[in-house]
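# Descriptive structure summary
Chain by chain, the residues:
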Amino acid sequence: MNKEKRFEVTDHPISTESVIQKVTRRECGAITTFIGTVREFTDGKRTLRLEYQAYKDMAEKMLEQIDKEVQEKWPNAMSAITHRTGTLEISDAAVVIAVSSPHRKTAYEANEYIIERIKQIVPIWKKEYWDDGSAWIGDQLEKTPYPEGNPPKGANDD
Amino acid sequence: MNKEKRFEVTDHPISTESVIQKVTRRECGAITTFIGTVREFTDGKRTLRLEYQAYKDMAEKMLEQIDKEVQEKWPNAMSAITHRTGTLEISDAAVVIAVSSPHRKTAYEANEYIIERIKQIVPIWKKEYWDDGSAWIGDQLEKTPYPEGNPPKGANDD
Amino acid sequence: MIKILFFARLQEEIGKDSLNIEKAGLTVNQLKQWLEKEHGLHSLDQTMAAVNEDYADGSEVLKEGDTVALIPPVSGG
Amino acid sequence: MIKILFFARLQEEIGKDSLNIEKAGLTVNQLKQWLEKEHGLHSLDQTMAAVNEDYADGSEVLKEGDTVALIPPVSGG
């Protein structure tokens, strides 16, 4: 794993500390991180495990595109994103997003923007496994990706 | 250091991972963290280092009070907070806040609420050291603590 | 030659992760229709496509050597 | 006996971190006025106080055994 790669899709467990280190700078006073973990229950249904699949090269390219959007909106922010693929157990981290900035408001806003955009444009899919079956998520919920512009209000709150 | 103490003021370096571990739960799908780091430049002036002093027992009690407020506003959120005291160098973490929740919106909102409240009611003070002197921060800026109620809009954005 | 990549549900439906075909000159939408007809894939009208790792309109004309990825609604994060 | 705790600027101004005095019966505000007069502390009207680790009103009457902390504007985080 290349420690200097700020936008990365990997099949290894994610080290939150290593993602944080990528954005730590003398000029920043705030670092926010978001860790998306595998939740056991969704709408009362028990998840056993998840499988994430990615179109890796394009996914990393889209993460870089999101970073460009962040740079335009918050020029002082610096971000790093790692998304994991493969089989994940309950509480495993699927994605870690770190954002540093001189002041905290930007670090919160840019971080939340990034996770919204990941859920819209990054070609990564999850398959949920339950006691009674499994399914690729996305189709059933009739969510559609949203390649451009701002995230719609009230997007899916996973 | 007691790993099970969720609200802690310590003179040791903070391990972000250990703060995150305190809030990791099977029912959560989102963990946000905020790391307040020592910034080199503030308003163009170069900081050499900081010194944090706390009224430790009361500070930990106020952190627990903030947690009660969070529980009332976001019953599904779980938080852990560690604030460091003593001498800190540039990029050292002064405070780490971790919040877990089933869904991400709560984890962001509760986390930001906590840092705002820390800056209002927790009896911790910082002294800045510059090339040409030092000063306890707070007085000069005519900021006043705000023991009760909601944080005012546009509170100081450190 | 055009390379087509399949992911998630589509990969399971067609039973492979890629397919090489001689279809330069088709638009993205025409390629989807061909895949529905010839390979029995479903609901490709709700499926985005990327050409050479960028999201593409249905009207984009495919060139020799292009890689087309069918992108069902994403669910990362 | 009342124990008074000093922090940050006030600690440096008075040159100690605590002081024990026989002042039960005073209010918090009266204690501040006494400290300004007897110990030369400044701007205590802008300083919050905590009694036994809880923020207290200026009108709170101090009891024997109380610990009063003077809390200048905080700057943690």
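Just so you know, these numbers come straight off a predicted model, no measurement behind them. (Residues numbered from 1 in each chain as written. Chains lettered and ligands numbered in written order. Predicted model: local features only at pLDDT ≥ 70, side-chain atom pairs only at ≥ 80, totals over all residues. Heavy atoms only, no water.)

Our next topic: the overall build of chain A. Check the secondary structure of chain A and you find three helices and ten strands. Seen in sequence order, chain A has helices and strands lined up from the N terminus as β-α-β-β-β-β-α-β-β-β-α-β-β. Residue burial in chain A is summarised as follows: out of 158 residues, 58% are buried. The contacts in chain A between residues at least 6 apart in sequence include a share of 75% that link residues at least 24 apart. (Helix = DSSP H or I, 4+ residues; strand = E, 2+ residues; numbered from the N terminus. Buried < 20%, exposed > 50% of the residue type's maximum accessible area, 1.4 Å probe, protein only. Contact = heavy atoms within 4.5 Å.)

With that settled, consider the UniProt feature "coiled-coil region" (unreviewed entry) in chain A. Taking the UniProt record as the reference, the feature "coiled-coil region" (unreviewed entry) is found at residues 45-72 of chain A. Secondary structure over residues 45-72 of chain A splits into 61% helix and 29% strand, and the C-alpha atoms at its two ends are 40 Å apart. (UniProt positions renumbered as here; feature names shortened; annotations may be inferred.)

This structure, assessed with the given rule, holds 32 salt bridges over all chains. E27 of chain A is the salt-bridge partner of R25 of chain A, the closest N and O atoms lying 3.9 Å from each other. Of the residues examined, R25 of chain A reaches a relative accessible area of 17% and is grouped as buried. Between R26 of chain A and E40 of chain B there is a salt bridge, with its nearest N and O atoms 3.0 Å apart. A residue pair is termed interchain when its members come from two chains, as with R26 of chain A in the loop between α1 (16-23) and β2 (30-37) and E40 of chain B in the loop between β2 (30-37) and β3 (41-42). A relative accessible area of 9% places E40 of chain B in the buried class. Bridged by salt links that share partners, the residues K5, K56 and E60 of chain A form one connected network. (Salt bridge = Lys/Arg side-chain N within 4 Å of Asp/Glu carboxyl O.)

Take chain A, turn it by 180°, move it 0.0 Å along the axis, and it overlays chain B with an RMSD of 0.0 Å. Here the copies are linked by what is in effect a two-fold axis. Identified as the residue of chain A closest to the rotation axis by C-alpha distance is T33 of chain A, at 2.5 Å. Take the interface residues of chain A: 100% of them recur as interface residues in chain B, which is what a same-surface contact looks like. (Least-squares fit on C-alpha atoms with pLDDT ≥ 70 in both.)

Here the focus is unusual backbone geometry. With a phi angle near 80°, S91 of chain B is a residue other than glycine that sits in the positive phi range. Note on placement: S91 of chain B falls in the loop between β7 (86-89) and β8 (93-101). Using a relative accessible area of 24% as the deciding quantity, one classes S91 of chain B as partly exposed. Despite not being glycine, S43 of chain D has its phi angle at roughly 50°, a positive value. Mapped onto the elements, S43 of chain D comes out in the loop between α2 (28-39) and β3 (48-51). Take S43 of chain D: its relative accessible area is 34%, and that puts it in the partly exposed class.

Pairing in this open sheet of eight strands is mixed, and the strands run β1(A)-β6(A)-β8(A)-β2(A)-β2(B)-β8(B)-β6(B)-β1(B) from one edge to the other. Looking at which strands have only one partner, the edges of the open sheet turn out to be β1 (7-10) of chain A together with β1 (7-10) of chain B. Direction aside, neighbouring strands of the sheet carry axes that sit 10° apart on average. In terms of strand pairing, β1 of chain B meets strand β6 (residues 78-84) of chain B through four bridges, oriented parallel. Pairing of T10 of chain B across the sheet is with R84 of chain B, part of β6 of chain B. Packing of helix α1 (residues 16-23) of chain B onto the sheet brings it into contact with β2 of chain A together with β1, β2, β6 and β8 of chain B, and relative to β6 of chain B it is tilted by some 155°. Strand contacts of helix α2 (residues 56-73) of chain B: β1 and β6 of chain B, with the helix running at about 150° to β1 of chain B, the strand carrying the most contacts. (Pairing = 2+ DSSP bridges. Axes fitted to C-alpha atoms, helices over the stretch in contact; angles between N-to-C directions.)

For the structure on display, the rule yields eight aromatic pairs over all chains. For the pair Y108 of chain A and F34 of chain B, a centre-to-centre distance of 5.6 Å together with 10° between the ring planes defines the contact as stacked. Residue Y108 of chain A is located in helix α3 (residues 104-121), and its partner F34 of chain B is located in strand β2; the two belong to separate chains. Here the aromatic rings of W74 of chain B and Y113 of chain B are separated by 5.5 Å at their centres, their planes lie at 65°, and the arrangement is edge-to-face. (Phe/Tyr/Trp six-rings, centres within 6.5 Å; stacked < 30°, edge-to-face > 60°.)

Here the focus is the confidence of the model for chain C. With 100% of its residues at a pLDDT of 70 or more, chain C has an overall mean of 96. Both confidence scores are given for the complex: pTM 0.92, ipTM 0.92. (pLDDT = per-residue confidence, 0-100.)

Structurally, the position occupied by Y55 of chain B is in the loop between β5 (49-54) and α2. When the C-alpha atoms of Y55 of chain B and I124 of chain B are compared, they prove to be 6.4 Å apart, with 69 residues separating the residues in sequence. Other than its neighbours up to four places away in sequence, Y55 of chain B contacts P123 and W125 of chain B together with L5, F7, E53, T67, A69 and I71 of chain D.

Here we come to the environment of Q53 of chain B. Locating Q53 of chain B in the fold gives a position in strand β5. Spatially, the C-alpha atoms of Q53 of chain B and W125 of chain B are 5.3 Å apart, while their sequence positions differ by 72 residues. Ignoring any residue separated from it by four or fewer positions in sequence, one finds Q53 of chain B in contact with T85, P123, I124, W125 and W136 of chain B together with F7, A8 and Q11 of chain D. Within the structure, the side chain of Q53 of chain B is placed 2.7 Å from the backbone nitrogen of A8 of chain D, a separation counted as a polar contact. (Polar contact = N/O pair within 3.5 Å; in protein donor to acceptor, adjacent residues only side chain to side chain.)

Extensive coverage of β2 of chain A is indicated by the burial of eight of its eight residues. As judged from the eight bridges shared by β2 of chain A and strand β8 (residues 93-101) of chain A, these two strands associate in the antiparallel manner. Bridge assignment links T32 of chain A to a residue of β8 of chain A, and that residue is V99 of chain A. When β2 of chain A meets β2 of chain B, the two strands line up antiparallel, connected through seven bridges. If you follow T33 of chain A over to β2 of chain B, its bridge partner there is T33 of chain B.

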